[in-house]
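One letter stands for each residue in the lines below.
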Amino acid sequence: MKNRFVFIFSLVGGLIALYILNSYQTATPLVCLSGSGCEIVRKSPYANPFGIPVPAIGVAGFASILGVSFLLSLKTKYHHLLTWLLKAITLLGLIFVISFTYIEIFLIRAICSWCVFSAAIITIIFILAWHQAILRKLC
Amino acid sequence: MLTGETKFFIAVLFFTALIISVAVYLVLQPPQAIPNLDRTTAQRLGPATARVTLVEFSDYQCPACKTVSPELKKLLAKYPSSLQLVLRHYPLPQHTLALELAKSAEAAGMQGKFWEMHDLIFERQATMSAKGIVEMAADLKLDLDSFEKDRRSKQVEEKIALDKVDALRAGVNSTPTFFINGYPLQFRSIDDIDIAIEKQLTK
C-alpha cells in the first residue's frame, strides 16, 4: 500500500519539477505562492549547480523514484534490491533538499514555494521508504 | 502477470498523460483576436489599406504616452503604406485632467484638428491646467464656441466611454497599451513595436 503513495507523490513531485524546468528553459514567469521568492531563487547563482538547473535534478530524482516504485509493484526477484535502491535515492534526495533549503534561507535569503513543496514531498517519500524497512526489521 | 498495484500505476500514468495532453493542447491553441479594438469613429493616421493596424490606448497625462507619441510618428514615416495607427482614449482616473483633455482633443477633431490638438497637449503636458485647454484651442485657431459646445457634448462623452469599455474588455489596465492586428503587444520600448510590425509584414 505504501508503494502506491510513493508512486503518487513522486508523480506529483516530478510534474512540479517539469513545470519549473519548462519555465527555466523558456524564461516564462512562474506562478509563485511566496511572492517574488521563486524569481529570486531562479536568478541566483545557486539555481544551476555545475550547469545543471535544479529542477532538472528534481525531474531526474522523482523520475527514478517513480521508475523504482513501478518496478517494485511488479514483485520481481529483485524486490529486495529495489527496496534498497529506493531508500538510497530518497536518502540522496533528502540530503539534496536539506542543502538546498539551507542555501535558500541563509545564502539566497529567499524562499521559493515550489522548492518547499518539493522538499515536503521528498521528505514524505523518504519516510515512506524507510518506515517500511524499519517496520520489517521490528517484526 | 501484472499485479493489481502495477495495473493501478499504469492507470494513474495513463490518466496523468491524458490530462497533461489536454492541458497542453488547450494552452497551445492560438489566441483569438480581440474584437472591437478598432471602431470606425476612432482617430487614425496612415492609409486604410495598411496591412498592419496598431491600436494605442492612451492617456494625455501619462508621461510614457507623451514619450512614445513622436516615436510612433517616426514609425508611420518608416512604413508609409503598411502601417495605420488607431488612437483610442483610456484616461486614467488618477489623472484629473485626462478625461477633459481627451474630450478636448475629440472636440478639436470635429474641426479637423485632432492630431494638432493631440500633439499640443503632449507638448504642454508638464504645465497642463483646466485654463490651458482653452488656450490651446485658441492657439489652434479653433472656433471657441463650437469647441466648448462639442467638448461637453453627449457625442464626445459617449465616444470616450466606448473607448473605455472596449479597453476594459481587452484587458487594458495601464497606458500606453498597444494591440497589433488585434493581438496584445508586449511594450517595453519603441523597438518592440518596430519588431512586431516587421513580424506582421513578413507573415
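Anyway, here's the lowdown on the structure attached to this text. (Residues numbered from 1 in each chain as written. Chains lettered and ligands numbered in written order. Predicted model: local features only at pLDDT ≥ 70, side-chain atom pairs only at ≥ 80, totals over all residues. Heavy atoms only, no water.)

A word on the overall build of chain A
The condition is simple: Comment: elements are numbered from the N terminus, with helices defined as DSSP H or I runs of at least four residues and strands as E runs of at least two. We call a residue buried when its accessible area falls under 20% of the maximum for its residue type, exposed when it is over 50%, and partly exposed in between, using a 1.4 Å probe and counting protein chains only. Note on contacts: a residue pair qualifies if any of its non-hydrogen atoms lie within 4.5 Å across the two residues. Here, Shrake-Rupley sampling with a 1.4 Å probe gives the accessible areas, and only protein chains in the shown set may cover a residue.
Scanning chain A from terminus to terminus reveals five helices and zero strands. Shown N-terminal to C-terminal, the secondary structure of chain A runs as helices and strands in the order α-α-α-α-α. With 139 residues in all, chain A has 42% of them scored as buried. For chain A, contacts bridging at least 24 residues in sequence account for 72% of all contacts bridging at least 6. When the accessible surface of chain A is totalled, it reaches about 7800 Å², and 77% of it is carbon and sulfur.

With respect to the sheet that holds strand β1 (residues 43-45) of chain B
All names here are of chain B. As a reminder, the rule being used: By this definition, two strands are paired if DSSP reports at least two bridges between them. In this analysis, axes come from line fits to C-alpha atoms, helices being fitted only over the stretch in contact, and the angle between any two N-to-C directions falls in the range 0 to 180 degrees.
Spatially, the five strands line up as an open sheet ordered β1-β3-β2-β4-β5, and their pairing is mixed. Of all strands in the sheet, those with a lone pairing partner are β1 and β5 (183-185), marking the two edges. In this sheet, neighbouring strand axes are inclined to one another by 30° on average, regardless of whether the strands run parallel or antiparallel. Two strands pair when backbone bridges link them, and strand β2 (residues 52-58) and strand β3 (residues 83-89) are joined in this way by seven bridges, in the parallel orientation. Bridge pairing links E56 to L87 in β3. Packing of helix α7 (residues 154-169) onto the sheet brings it into contact with β1, β2 and β3, and relative to β3 it is tilted by some 105°.

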